[in-house]
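Structural overview for review
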Amino acid sequence: MRRVTPAEIAVVDLAVCDRCGLCLPLCPPEALHLELNILTVDRETCTGCEKCIAPCPVGALDMVAYA
Amino acid sequence: MPDLDVLVIGAGPAGAVAAWQAKQAAPELDVVLLERDPAVGSPVRCAEGVGDAGLREFATPDGADWAARKITRVIFLAPDDTEVKVTERDVGWVLDRTRFDAHLAAQAAAVGAEVLVGTEATAMSRNGDGRWHVRVKQRGVDEIYRARVVIGADGVEAMVGRWAGLDTRVPSRDMESCAQYVLQGIACDPDAIYLQFGDTIAPGGYAWIFPKGVGVANVGLGLVALKTDGRNARQYLDAWVARRYPGAARAGYTVGGVIVHTTIKKTYTDGVMIAGDAAHMINPLSGGGIVNAMKAGRLAGCTAAAAIRAGDTSDRRLSAYHHAWMELLGDDHLKYYRLKQALENLDDAFFNGLARTVNRIPQGKRSLGRIFAHALIKHPQLIPVAARFFV
């Protein structure tokens with residue numbers, strides 16, 4: 001549960017994502033989930049820390065404005 | 001709502017060995033092995049290299065269809081492409097992981113464990129009846145499995161550990177982002193594995209060529225994202241392959257994460273143990289995890305069987321698993337982690353110099369131990385590294 005609403009949150013490009021799962025343990029608030037071969041970002045849990053972005057081997061994750 | 005004794009989640013090397021050993025140790029128990037993918041061993045997210053001695057504790061590679069190539073040489077490449085050959089007897093093997101994982105699952109099935117593919121665990125909770133209630137989805141249908149002991153062998157994502165309240169997080173500096181091609185039509189020594197270091201090639205990790213056959217190899221790299229220039233692992237791989245093997249055909253492709261962290265502080269709780277990649281048991285220096293996964297799987301399976309027979313699957317009873325692991329491999333693990341940290345501070349100039357030093361040792365005398373000893377004399381900055389490794 002986050003206390004501060006972030007300006008930006010992570011978003012995944014499902015056409016690029018290989019479902020390797022590398023990003024999951026990197027996420028401090030555990031906002032990333034991989035189920036039924038689909039990666040999702042929990043919008044209300046993501047704190048915008050960006051720890052998942054650079055390590056993705058294929059660059060499937062990016063930051064977008066939390067609107 | 002099936003009731004069972006041991007539920008193993010993940011049919012990779014850790015899970016398959018856990019299920020196999022649990023059922024073999026206590027045949028009267030119900031042991032189920034779950035695999036979310038439609039097949040065991042696929043997709044392959046692995047460079048498929050394994051050491052000879054560790055492998056032989058669990059399976060015999062000679063003539064096996066799951067052993068793609070026997071390796072008898074190790075060739076290090078310095079950042080400037082200087083080659084350093086090291087010859088050791090019985091180095092290891094490059095596996096066909098799809099066949100190998102299937103072989104291990106078959107061992108589990110042969111002793112009576114139930115293997116379910118296309119079956120994904122999606123949640124887990126305790127319900128006051130002394131069992132874990134695991135929500136499982138198979139062919140679109142949800143079911144609850146009630147298990148006395150759950151063994152989480154679910155790899156880098158480590159969801160079982162997360163559901164059980166264990167800390168499965170990985171610091172960014174301890175995650176190797178990896179990409180690999182299976183290349184056809186390349187020229188390399190088919191009995192050797194190659195490892196290349198270099199800040200512009202694979203910062204914080206290394207690139208590898210692991211032959212699967214003559215002219216075919218797993219060609220990949222792992223790097224630490226914090227140390228890159230902003231490109232991702234696949235982009236680094238494309239650049240390296242374009243330089244070394246511009247004409248090669250790409251017959252396969254995979255990406256994934258290799259956790260190069262020390263073992264999770266607590267790999268167990270009431271009715272739960274986690275093993276293999278999920279418990280951060282990969283060798284932090286080499287990135288190799290198959291043997292450690294099987295050893296941990298064996299410990300977890302045996303601990304589960306004994307605990308259920310004794311009627312006690314509590315946190316305190318299962319701590320025996322963690323202690324057995326730490327006694328078997330935990331100290332070495334810490335030493336490798338410290339060595340990895342020390343090596344991070346050494347730059348390309350150092351590795352190029354080291355390669356030239358080692359190449360002055362006659363080939364026949366170039367064991368890894370001798371290399372290290374010679375390197376210490378010529379490169380005193382390695383001494384603190386060696387001290388931390390050997391202390």
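**Side note on the overall build of chain B**
Counting secondary structure elements, chain B contains ten helices and 16 strands. Taken over C-alpha atoms, the radius of gyration comes to 22 Å for chain B, in line with the 21 Å a tight globule of 391 residues would show. With respect to the three principal axes, the spread of C-alpha positions in chain B is 65 × 45 × 40 Å. Within chain B, the fraction of its 391 residues that count as buried is 57%. For chain B, contacts bridging at least 24 residues in sequence account for 70% of all contacts bridging at least 6. Working note: accessible area of chain B is about 15,800 Å², and carbon and sulfur atoms make up 51% of it.

**Things to note about the packing of aromatic side chains**
Residue and element names in this part refer to chain B. In this structure the tally under the stated criterion is eight aromatic pairs over all chains. The interplanar angle of 20° and the centroid separation of 6.4 Å between the aromatic rings of F76 and F197 together place this pair among those described as stacked. Taken together, the residues span a long stretch of sequence, with F76 in strand β4 (residues 67-77) and F197 in the loop between β11 (192-196) and β12 (206-213) at a distance of 121 residues. Here F350 and F351 contribute two aromatic rings whose centre-to-centre distance is 5.6 Å and whose plane-to-plane angle is 75°, an arrangement assigned as edge-to-face. We classify F350 as buried; its relative accessible area is 6%. Chaining the aromatic ring pairs together yields one cluster made of F76, F197, Y206, W208, F210, F350 and F351.

**Regarding unusual backbone geometry**
In the segment running from B:S42 into B:P43, the intervening peptide bond is cis, with an omega of 0°. One can find B:P43 in the loop between β2 (31-35) and β3 (49-51). Its identity is not glycine, yet A:E30 carries a phi of approximately 60°, on the positive side. Residue classification places A:E30 among the partly exposed positions, given a relative accessible area of 28%. Non-glycine residue B:R139 carries a positive phi angle of around 50°.

**Some thoughts on the pairing of β11(B)**
Residue and element names in this part refer to chain B. The buried fraction of β11 is high, at five of five residues. The sheet contact formed by β4 and β11 spans five bridges and is parallel. Within the sheet, the bridge partner assigned to R73 lies in β11 and is A192. Here β11 runs beside β12; their pairing, made up of three bridges, is antiparallel. Looking at the pairing, Q196 lines up with A207 of β12.

**Quick look at the side chain of B:E157**
Within the secondary structure layout, B:E157 lies in the loop between β9 (141-152) and α4 (159-163). Under the relative-accessibility criterion, B:E157 is labelled buried at 5%. Here the side chain of B:E157 touches B:R36 through a polar contact of 2.9 Å, side chain to side chain. Excluding its chain neighbours within four sequence positions, the residues that come into contact with B:E157 are A:C20, A:G21, A:L24, A:L34 and B:R36.

**A few points about the confidence of the model for chain B**
This prediction gives chain B a mean pLDDT of 93; 96% of its residues lie at or above 70. This complex was scored by the predictor with a pTM of 0.95 and an ipTM of 0.97.

**Details of the side chain of B:R131**
All names here are of chain B. Looking at the secondary structure, you find R131 in the loop between β7 (119-126) and β8 (132-138). The buried charged residue R131 lacks any salt bridge partner; its closest oppositely charged side chain belongs to D3, at an N-O distance of 4.1 Å. Looking at R131, its side chain comes within polar contact range of the main-chain oxygen of L4, at 3.0 Å. Here R146 takes part through its backbone oxygen, which lies 3.2 Å from a polar atom of the side chain of R131. With residues near it in sequence (within four places) discarded, R131 still touches D3, L4, S125, R126, R146, A147 and R148.

Conventions and cut-offs
Residues numbered from 1 in each chain as written. Chains lettered and ligands numbered in written order. Predicted model: local features only at pLDDT ≥ 70, side-chain atom pairs only at ≥ 80, totals over all residues. Heavy atoms only, no water. Helix = DSSP H or I, 4+ residues; strand = E, 2+ residues; numbered from the N terminus. Rg over C-alpha atoms; globule rule 2.2 N^0.38 Å. Buried < 20%, exposed > 50% of the residue type's maximum accessible area, 1.4 Å probe, protein only. Contact = heavy atoms within 4.5 Å. Areas by Shrake-Rupley, 256 points an atom, 1.4 Å probe, with all protein chains shown as cover. Phe/Tyr/Trp six-rings, centres within 6.5 Å; stacked < 30°, edge-to-face > 60°. Pairing = 2+ DSSP bridges. Polar contact = N/O pair within 3.5 Å; in protein donor to acceptor, adjacent residues only side chain to side chain. pLDDT = per-residue confidence, 0-100. Lys, Arg positive; Asp, Glu negative; His and termini not counted. Salt bridge = Lys/Arg side-chain N within 4 Å of Asp/Glu carboxyl O.

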